[in-house]
Structure formats: C-alpha cells, structure tokens
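Summary of the model geometry
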Amino acid sequence: MLRAVVLSAVVLASAPARASEAPSPIRVAIQCEQQGRTKTCPAFLRGLVDEYEVLLASPLAGADVVVYASATQVALNDRVHLRFVGQLPDGPAPVEIDVEIETRATDDAQRAQLAPAFRRGIALFVGERHPSAVDVMLRTPELTAKRPALSAWGFEAGLAAQGSYTAQYRSAGGHLHLIGRYVKRDFRAFTLQMVEGRINRQPPLVLEGMLVSLDSEQWKYRFGAEAVYSWCDMWSVGIGSYTFFEDPKGQYAYNSRTRAALEWDMFPADDPRGNRLGVFYHLGWIVERYNIRNDRGERFAHYPSHGLDAVGSVRHDRITFGLKLESDAQLTDPKRRLMLTASPFAKFQLGNHVDLDLSFTITKRTFPQPDPAAIDPSDFEQLSRLSYAEPLSLSGSIGLTFRWDPTNGVRNDRIESI
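Because the structure is a prediction, the values reported are computed rather than measured. The numbering scheme is per chain: residues are counted from 1 as the chain's sequence reads. Two thresholds apply to this predicted model, a pLDDT of at least 70 for residue-level local features and 80 or more for giving and counting side-chain atom pairs, whereas whole-chain, interface and lining totals are computed over all residues. Water and hydrogen atoms were dropped before computing side-chain values, which therefore reflect all heavy atoms in the structure.

**Overview of the overall build of the protein**
The condition is simple: In DSSP terms, a helix is any run of H or I states spanning at least four residues, a strand is any run of E spanning at least two, and both are numbered starting from the N terminus. For this analysis, residues touch if any pair of their heavy atoms sits within 4.5 Å. For the area figures, the Shrake-Rupley method with a 1.4 Å probe applies, and any residue is considered shielded solely by the protein chains shown.
A tally of helices and strands in the protein yields 3 helices and 21 strands. In the protein, of all internal contacts separated by at least 6 residues, the share reaching a separation of at least 24 is 62%. By element, 60% of the accessible surface of the protein is carried by carbon and sulfur atoms, the whole surface being about 21700 Å².

**Brief notes about empty space enclosed by the protein**
Here is the rule: The distinction between a cavity and a pocket rests on a 1 Å grid over the protein atoms alone: a 1.4 Å probe fits inside a cavity but cannot get out, while a pocket stays open yet meets protein on both sides within 12 Å along at least five of seven lines, and a residue with an atom within 4 Å of a point counts as lining. Grid points are joined across faces, edges and corners, and a volume is the space filled by probe spheres set on the points. Put simply, Ala, Val, Leu, Ile, Met, Phe, Trp, Tyr, Cys and Pro go in the nonpolar bin, Asp, Glu, Lys and Arg in the charged bin, and everything else, Gly too, in the polar bin.
This model, assessed by the stated rule, comprises 2 cavities of 30 Å³ or more. Here the largest cavity defines a volume of roughly 60 Å³. Along the walls of the largest cavity sit Gln34, Gln35, Gly36, Thr38, Thr40, Cys41, Ala69, Ser70, Ala71, Asp78 and Val80, which together make up its complete lining. Contributions of two or more residues to the lining of the largest cavity are made by α1 (40-50), β4 (65-74) and β5 (77-86). Examining the composition of the lining of the largest cavity, we find that 3 residues originate from one element, β4, more than from any other. Among the residues forming the lining of the largest cavity, the class breakdown is 4 nonpolar, 6 polar and 1 charged.

**Description of the side chain of serine 230**
Our working definition: In the analysis that follows, any N or O atom pair within 3.5 Å is treated as a polar contact, provided that within protein one partner can donate a hydrogen and the other can accept it, and provided that, for residues neighboring in sequence, both atoms belong to side chains.
Considering the arrangement of structural elements, one finds serine 230 in strand β13 (residues 216-230). Within the local environment of serine 230, its side chain forms a polar contact with the side chain of serine 236, the two groups lying 2.7 Å apart.

**Some thoughts on α1**
How we decide: Partly exposed describes any residue whose relative accessible area lies between the buried limit of under 20% and the exposed limit of over 50%, with all areas from a 1.4 Å probe on protein chains only and scaled to the type maximum.
With respect to burial, α1 is a largely interior element, 9 of its 11 residues being buried. Listing the buried residues of α1 in full gives Thr40, Cys41, Pro42, Ala43, Phe44, Leu45, Gly47, Leu48 and Val49.

**Quick notes on the packing of α1 against helix α2 (residues 107-129)**
As a reminder of what qualifies: Here an angle of 0 to 180 degrees is reported between the N-to-C directions of two axes, which are lines fitted to C-alpha atoms, with helices fitted over the stretch in contact. Roughly parallel covers angles under 35 degrees, roughly antiparallel covers those over 145, roughly perpendicular covers 65 to 115, and oblique covers all other angles. In this scheme, a crossing is called left-handed if the near helix is turned counterclockwise away from the far one by less than a right angle; it is called right-handed if the turn is clockwise.
Interhelical geometry of α1 versus α2 gives an angle of 65° and a closest axis separation of 10 Å. The angle between α1 and α2 falls in the class roughly perpendicular. You can see that α1 and α2 cross each other, and the crossing is right-handed. Between α1 and α2, the residues in contact are Thr40, Phe44, Leu45, Gly47, Leu48 and Val49 and Asp107, Gln110, Arg111, Leu114, Ala115 and Phe118, respectively. Residues belonging to the contact of α1 with α2 are distributed by class as follows: 7 nonpolar, 3 polar and 2 charged.

**Here's the deal with the pattern of salt bridges**
Basically, it comes down to this: By salt bridge we mean one thing: a side-chain nitrogen of Lys or Arg within 4 Å of a carboxyl oxygen of Asp or Glu.
Scanning the entire structure with this criterion turns up 17 salt bridges. Aspartate 50 is paired through a salt bridge with arginine 46; the nearest N and O atoms lie 3.1 Å apart. Note that aspartate 50 and arginine 46 are positioned in helix α1 at a spacing of 4 residues, about one turn of the helix. For aspartate 233, the salt bridge goes to arginine 185, with nearest N and O atoms at 2.9 Å. Pair noted here: aspartate 233 is in the loop between β13 and β14 (235-246) and arginine 185 is in the loop between β9 (170-183) and β10 (187-201), with a separation of 48 residues, a long-range link. What emerges from the salt-bridge pattern is a single network uniting Glu288, Arg296, Glu298 and Arg337.

**A closer look at the state of the cysteines**
We apply this condition: In plain terms, two cysteine sulfur atoms within 2.5 Å form what is called a disulfide here.
According to the stated counting rule, one finds 1 disulfide in the structure shown. Cysteine 32 shares a disulfide with cysteine 41; S-S distance 1.9 Å. With the S-S dihedral at roughly -95°, the linkage between cysteine 32 and cysteine 41 falls on the left-handed side. Considered together, cysteine 32 and cysteine 41 belong to a single accessibility category, that of buried residues.

**Comments concerning a nonpolar patch on the surface**
Which entries qualify depends on this criterion: Like charges are joined within 9 Å and nonpolar side chains (Val, Leu, Ile, Met, Phe, Trp, Tyr) within 5 Å, but only among residues with over 30% relative accessible area and no salt bridge; these make up the patches.
A contiguous nonpolar patch, built from Phe155, Leu159, Leu176, Leu178, Val195, Trp219, Tyr221, Phe245, Leu350, Leu400, Phe402 and Trp404 and spanning about 1100 Å² of accessible area, is present on the exposed surface. Sorting the residues of the nonpolar patch by element identifies β8 (153-165), β9, β13 and β21 (392-404) as the ones contributing at least two each. It is β21 that contributes the most residues to the nonpolar patch, 3 residues altogether. Structurally, leucine 178 is set in strand β9.

**Digging into the sheet that holds strand β3 (residues 55-57)**
Here is the rule we go by: Strand pairing is assigned whenever DSSP detects at least two bridges linking the two strands.
Taken together, the 5 strands give an open sheet; going across it, the order is β3-β2-β4-β5-β6, and neighbouring strands pair in mixed fashion. Single-partner strands in this sheet number two, and they are β3 and β6 (95-102). Across the sheet, the axes of successive neighbouring strands diverge by a mean angle of 30°, strand direction being ignored. Note that strand β2 (residues 26-34) and β3 share 3 bridges and pair parallel. From the neighbouring strand, isoleucine 26 faces β3, where its bridge partner is leucine 55. On the sheet, α1 packs against β2, β3, β4, β5 and β6 and is oriented at approximately 165° with respect to β2. Relative to β6, α2 is tilted by about 165°, and along the sheet it contacts β2, β3, β4, β5 and β6.

**Considering the packing of aromatic side chains**
Applied cut-off: In this analysis, rings of Phe, Tyr and Trp, with Trp reduced to its six-membered ring, are considered paired at centre separations within 6.5 Å, and the interplanar angle assigns stacked below 30 degrees, edge-to-face beyond 60, and tilted for intermediate values.
Taken as a whole, this structure holds 7 aromatic pairs when the rule is applied. Taking the centre distance of 6.1 Å and the plane angle of 50° together, the rings of phenylalanine 84 and phenylalanine 118 count as tilted. Of this pair, phenylalanine 84 sits in strand β5 while phenylalanine 118 sits in helix α2, placing them 34 residues apart in sequence. Looking at phenylalanine 118, the relative accessible area reads 0%, which means it is buried. Clustering of aromatic rings is evident, with ring pairs tying together Trp153, Tyr182 and Phe187.

None of this, on its own, says anything about what the molecule does.
Below you can see the structure in the form of structure tokens.
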C-alpha cells in the first residue's frame, strides 16, 4: 500500500531518471559524527528511514546516500547539522541542513522537529532516481513493486589471536567463529561454528628430583543453531540447540543443551528510538559428560533446566552499551545446580565491516564439585584448569568482528541468547 507524507517545503524538480535505470529504493546509511543531548542520531534518523517504503536502511558499504549528523549545543537546544552525501551517478551535490532540536522536549516533539529537515534533504536524492515520488508529496513510486530481490541472509567471521615468546617461555592462542543469519520482520534464524585453543611451553618444575611438566594445551569446539518466531511486537517464541567439546583437561568431555524460550519485549523490534528491553523464560534439557568424576560419583548426567533472563542495551552513535542477566537451574533440584551471570558489554563500530567488542562477566555458580580422589596431584595442567570449580568467577574479553549484514533493512532482536 502506498504511503504519502506532506513535505514541509516544496522540493525543486530533479532531472528525469534514465529509462534504463532499475527502479529500486534509495539505500540510506546513517553516520553519527557528534552526539548531542537527544536521540537524534542514530535512533530518530533510523526511524525516519524506516517510515518510508522508498527508503531502505543500509550499511555504509553500498549506500546510495550517507547522512552525516553532528550536534552542537546552543543553550537548551541542540543545533543538528545534517549533511546528505549521494553516491548516485550524476546525482545531486551534497546537501547541508541545520535544524534546532529542543533538548527538554518529548521524544515525539523532537522527532517532529527533525522530520521536515530530513525530508527536505533526502527528497533531492529520491527525486533523482524516482522523479514521480517527489513533488509536494513524498510517496512510493509505482514501479517499486519491481524492486530487485533483497537478501535476508548475513554472514559474520570473527578472529582473535595472541602470543608471547622468550627463549624458555612461549605461548600462543586463537579464536575463530563463523556465524550465519537469516533475518525477517517476524522470523530469525542463526547458526554458529566456533573453535578456540591455546598452547603454553615453559621449563619443567623439579620436585624431589622429579620433573613436573608445566606445558599445557587446551581447546574447545562449539556448534549449534536456533530459530525465533514473533507473532506480535511484544511476544516471541524460540528454540535452540548447542553442543561443545573440550580437551581432556577441561570440565566437560562434551556438553549439549536444547532449550525453548518465551520472551516478552517492552519495545517493538524496529523501535525508532533505539530502545531494547526484553525478559524471557527458558526451559530445556542438558546432557553432559565430565572429564573428572564429581563428588556424587558421576561422570555423566542429564537433567531438565530452566531460568529467567533479561537483556537491555542503548546505542550512542557508533557505540553500543548493554547488560545481560542470566540464570540457569536444575529444574528438579535447583540447589544442586544453579548459575547466575551478569555481563555488561560494549561494541564499537570501527568501519563498514569491522566491530570491536568488549565484555565483562561475573558468574556465581553451585554444582557438584570434582571428586578430590579423581584428581592427580602431580598433573599440573589438570590442577591449573580447575578454576571452573570455583563458586565465583570474573572474566573479560576483547575481539574484532568482521561482518556482512543482510541488505533487506529488517531488524529483529528477539531471544538473542537462547
């Protein structure tokens, strides 16, 4: 169904589009250069892009128009400078527009102040490709039905490495993950392959004339998939299954868990203000084999589990801050197995396809401990890997992500940590 919105000013007629040009939406990338005191960039601007069918949110790579936004504080207002830079052949020259945003006004009032300036700038580029869409009205062109197919598929590869070297002490480690995504407005699918490893070489320890090796090798391989369906803006249901294997000195020979989840969200998946707050309950089954017998005499266990999780995040320009709260307990005996986790995180967009990820995790856990009789006191590597048995752990991580996002402009953030 075509939509039309009255422009706040008459737009000059653009040159007719070439007859051979394929009718397609204008791909718009939003780039925040200077953050102000409002949600103008990126949330409000991204919401305005999503409002019109003739516009399509796009990564910086492949965008037809890049909107650079910079805010300057002027008393109680933010003076937002919008610079529209086109990538169209023979397209309009860059357009620059200033607009005053009242920082003490409501979100709806601020968006109403911003919208006319955005439409005045973007209309020139829309008119270059779709002259019939721009006059006094901004509407979807009749040929939009013939727009080229848009991809819901995305791919991500992440790589991190570290190492050190001296004459007697050497270490090296690495991490690689491959992720495939399929994202539509009411459905999201995800698949993961991940491998990480580390080796350490150092002189042996001499105890009563015996050499005790201090060398170590460790690795982990994880894989799985999940799918989530949303039947409205507030409720979603999903299912996922993940399995990982560890080296013989780790906690598990293997661990596999399958869970179903029901999530409630306060905001829709494409909320124009960039808000995110979700709470979900999960129920599943866990199967695990231990490398060391626990104090209950078990090397193998399987049991039902459940928990309540929450996630919230906010984005400022190219930086995202967030917090995840997770719980997981044995359904039949929560005192036997219980894990509580809090994970603040941050993401920095470094370029078109590169992100820097930072995270910190605090975990409190209760579960059957390794049987002391099953631990070899002369095995240094085994002893050094028993940190998983500690009831409290703190950890942090840093890494680079290389990503190629789906190009259909759809957002779907439901049940991301099933």
